[in-house]
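Descriptive analysis of the structure
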Amino acid sequence: MSGWPGVNWVWLAAVDSTNAMAERLQEAWLADAEAVLPPTLICADTQWAGRGRHGRSWQSPRGGLYASFVSWVGVEALPWLPLAAGVAVLLGVRRLLPSLGRVLKWPNDLEVEQRKLGGVLCSSRIQGDRAWAVAGFGVNVLGAPALPGDPRQATSLAQLGFGGTLEEAREAILETFVTQFPVLLANPESLRRTWLAASIHGPGDRLRLKTTTGPVEGQFLGLSRQGMLELRAGDRIISLASGEVE
Ligand code: BTN
């Protein structure tokens, strides 16, 4: 099916995880030297093994949006992938809730008053000077499922005042994502500024993060021109590519 020009659109009633499906699709395509997979959006009504960041699971009952976008990107764009995906989802959500202000928690959680509205999970596989990128995203539309392994409560578009249907929400968010994500990735400086304008973190805010090498604490400075989170810790500047803000 083709929902938007140049984008394959795969719709599933149920799947383990749209990210896992995207990876299987990649494997199948890479095994065929002749084939070229156009940008492909995989969307499911429900997932039975939805994946969250940091090895968590993602509850995916009917009533939510669960999608993954697979596309080729240049390797130089990889540091920007999580930020571009978060902003692209937010731009779609703002079509439904135009007054939504600063809701991006680094790198790409959508949070309203400390309640999670949506999340993004990216992966990539480098092939020469380009990479297969998977940007998976979930948005709570009608319901606000619990977050396994996460004490925070969730919220939903409906709780925040969206009065439309699931189909309307999916159409607006998915269409915005497939059109805006490539544009954001191609314009890192404008992406950096858009991300900062939508971030819940302000200059000087104290952040504590869990990283693979241990906890990191510092004052929020912003994003570097390479797409890294920058913190000030005493007289040092720490740059981080990944981690979890606590
Ligand atoms: C997070 O932990 O915040 C990231 C959640 C990402 C969930 C989405 S739902 C669609 C896609 N498929 C998955 O298995 N996960 C992502």
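Here the structure is a predicted model, which means the values were calculated and not measured.

So, how was this worked out
- Every chain begins its residue count from 1, and numbering advances along the sequence as written.
- Given that the model is predicted, a residue must reach a pLDDT of at least 70 before its local features are reported, and side-chain atom pairs must reach 80 or more before they are shown or counted; all residues, however, enter totals for whole chains, interfaces and linings.
- Side-chain measures here rest on the full set of heavy atoms in the structure, leaving out hydrogens and waters.
- In what follows, salt bridge is the name for a side-chain nitrogen of Lys or Arg lying within 4 Å of a carboxyl oxygen of Asp or Glu.
- Secondary structure follows DSSP: runs of H or I at least 4 residues long count as helices, runs of E at least 2 residues long count as strands, and numbering of each begins at the N terminus.
- Only strands joined by at least two bridges in the DSSP assignment are considered to pair.
- The source of the domain bounds is an automatic or database domain assignment.
- Accessible area that two parts lose when put together, with a 1.4 Å probe and added across both, is what the buried area reports.
- Throughout this description, a polar contact denotes any pair of N or O atoms lying within 3.5 Å of each other; where both atoms belong to protein, one of them has to be capable of donating a hydrogen while the other can accept it, and for residues adjacent in sequence the pair is counted only when both atoms sit in side chains.
- Under this grouping Gly is polar, as are all residues other than the nonpolar Ala, Val, Leu, Ile, Met, Phe, Trp, Tyr, Cys and Pro and the charged Asp, Glu, Lys and Arg.
- Only a single heavy atom is needed: when it lies within 4 Å of a molecule or strand, its residue is near that molecule or strand.
- All accessibility values rest on the Shrake-Rupley procedure with a 1.4 Å probe; residue burial counts only the protein chains present in the view.
- Each residue after the first adds 1.5 Å to the expected span of a helix.
- Whether two residues are in contact is decided by their heavy atoms: any pair within 4.5 Å suffices.

Considerations on the pattern of salt bridges
In the structure shown here, the tally under the stated rule is 15 salt bridges. Between R95 and E175 there is a salt bridge; the shortest N-O distance is 2.9 Å. Of this pair, R95 sits in helix α2 (residues 81-96) while E175 sits in helix α3 (residues 166-186), placing them 80 residues apart in sequence. For E217, the salt bridge identified is with R208, shortest N-O distance 3.3 Å.

Details of the sheet that holds strand β9 (residues 206-211)
Reading across from one edge, β12-β11-β10-β9-β13 is the order of the five strands in this open sheet, with antiparallel pairing throughout. Taken across any chain shown, the strands that pair with only one partner, and hence form the sheet edges, are β12 (236-240) and β13 (244-245). Summarising the sheet, strand β11 (residues 229-233) and β12 pair through five bridges and their orientation is antiparallel. Paired with L229 across the strands is L240, a residue of β12.

Some thoughts on unusual backbone geometry
The peptide bond linking W106 to P107 adopts the cis configuration, its omega dihedral lying at -5 degrees. One non-glycine residue with positive phi stands out, namely H54, at about 55 degrees. Mapped onto the secondary structure, H54 falls in the loop between β3 (40-47) and β4 (64-74). In this structure, Q114 is a non-glycine residue whose phi angle is positive, near 65 degrees. Take Q114: it is sitting in the loop between β6 (109-112) and β7 (115-127).

Let's talk about the domain arrangement of the chain
Split by domain assignment, the chain resolves into domain 1 (8-198) and domain 2 (206-245). Taking only C-alpha atoms, the centre of domain 1 and the centre of domain 2 are 23 Å apart. Counting the surface lost from both domain 1 and domain 2, the interface buries some 1,200 Å², and carbon and sulfur atoms represent 61% of this. Among the residues domain 1 hides against domain 2, the three largest losses belong to W80, W106 and R192. Together they make up 51% of the total. Counting across the interface, domain 1 meets domain 2 through two salt bridges. The partner of R56 in a salt bridge is E244, with the nearest N and O atoms 2.5 Å apart. Linking domain 1 to domain 2 there are five residue pairs in polar contact (both at pLDDT 80 or more). A total of four residues in the side of domain 1 that touches domain 2 trace back to one element, the largest contributor, which is helix α4 (residues 188-198). A per-class count over the side of domain 1 that touches domain 2 returns seven nonpolar, one polar and five charged.

Notes on the site of the ligand
Lining the immediate environment of the ligand, one finds 20 residues, of which S17, Q47, R51, R53 and K116 sit closest. One nitrogen or oxygen atom from the side chain of N19 is found 3.4 Å from a nitrogen atom belonging to the ligand. Taking K116, its side chain carries an N or O atom lying 2.5 Å from an oxygen atom of the ligand. Expressed as a share of its isolated accessible area of 420 Å², the protein-covered part of the ligand is 99%.

Notes on helix α1 (residues 18-30)
Given a rise of 1.5 Å per residue, 13 residues ought to cover 18 Å, and the 18 Å separating the end C-alpha atoms of α1 matches this to within 8%. The elements touched by buried residues of α1 are β2 (7-15), β3, β4, β7 and β8 (130-140). Between a side-chain oxygen at the N-terminus of α1 and the backbone nitrogen of N19 the separation is 3.1 Å; the capping residue is S17.

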